[in-house]
Amino acid sequence: MTITDQHYIDLITNGDTHAFAILIDRYKDLVFTLALRLLKNREEAEEVSQDTFIKAYKSLSKFKGESKFSTWIYKIAYNTSLDRIKKNKKYWNDVEIDEFTAHQIKTIDNTLDHLETQERNQSIKDCIALLPNDDSFLLTLYYFDELSFEEISKIVGITANNVKVKIFRGRKKLATILKARLEPEILEHYE
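Residues numbered from 1 in each chain as written. Predicted model: local features only at pLDDT ≥ 70, side-chain atom pairs only at ≥ 80, totals over all residues. Heavy atoms only, no water.

Peer 1: With reference to specific residues and values, describe the pattern of salt bridges.
Peer 2: All told, the structure shown has 7 salt bridges when counted by the stated rule. In this structure, Arg84 and Asp51 form a salt bridge, with 3.4 Å as the shortest nitrogen-oxygen distance. On the criterion of sequence distance, the pair formed by Arg84 in helix H4 (residues 69–88) and Asp51 in helix H3 (residues 42–58) is long-range, its members being 33 residues apart. Overall, the relative accessible area of 12% leaves Arg84 in the buried class. Exposure remark for Asp51: the relative accessible area of 29% places this residue in the partly exposed category. Asp134 is paired through a salt bridge with Lys166; the nearest N and O atoms lie 3.8 Å apart. Here Asp134 is found in helix H7 (residues 133–144), whereas its partner Lys166 is found in helix H9 (residues 160–181), with 32 residues between them in sequence. Residues participating in the shared-partner salt-bridge network are Glu47, Asp51 and Arg84. (Salt bridge = Lys/Arg side-chain N within 4 Å of Asp/Glu carboxyl O. Helix = DSSP H or I, 4+ residues; strand = E, 2+ residues; numbered from the N terminus. Buried < 20%, exposed > 50% of the residue type's maximum accessible area, 1.4 Å probe, protein only.)

Structure representation (structure tokens):
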């Protein structure tokens, strides 16, 4: 049986500082991946990951359990990443998108379904890395971390409907990139 996050949070708030290492171990890869999606720089993502866990540790008494601990830590990672972007005065890239119909997006999805799972995941991750920061962050939360629109909305501070719209637009951009990168004969075979 897996011990819940709340168990370790209770231990930490009662003075067992070593229990925080278990929470770091559980979420370090996800926090780093999310920071990397936004910052597009490994060193900065590592720093933001460390800052995220420091902030989480210092603010642990404010965690009330109204959402999952993972949602709470993702929100800290998101805000810390945005602060870093503002600090560095980076500008988010825009990717040109062709107009895609829902059928074309579905065709891309069907094509990917026929690729090997590992190959598909790597292809998607590579293409997601080419998207603007915000899009890659949201698509990572939705597809790889399998968070709901409501959970993502709590992390990024926008409505669930707005999250849904942004994810749909991100998928359109991703479809453009995937279509350009996939072998034309693979696409023709499944169209």
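Having seen the model, we can carry on.
Peer 1: Requested: an account of the nonpolar core, with residues and values cited.
Peer 2: The biggest cluster of nonpolar side chains holds 46 residues, and the ones touching the most others in it are Phe69 and Phe137. Where this core is concerned, the elements lending two or more residues are helix H1 (5–13), helix H2 (20–39), H3, H4, helix H6 (117–128), H7, helix H8 (149–156) and H9. Among residues more than four places away in sequence, those in contact with Phe137 are Leu34, Arg37, Leu38, Tyr78, Ile155 and Val156. (Core = buried A, V, L, I, M, F, W, Y, C linked by side-chain atoms within 4.5 Å. Contact = heavy atoms within 4.5 Å.)

Peer 1: I'd like a description of the side chain of Thr80, backed by residues and values.
Peer 2: With respect to the secondary-structure elements, Thr80 resides in helix H4. A relative accessible area of 5% places Thr80 in the buried class. Within the local environment of Thr80, its side chain forms a polar contact with the backbone oxygen of Ile76, the two atoms lying 2.7 Å apart. Setting aside chain neighbours within four positions, we find Thr80 in contact with Val48, Asp51, Thr52 and Lys55. (Polar contact = N/O pair within 3.5 Å; in protein donor to acceptor, adjacent residues only side chain to side chain.)

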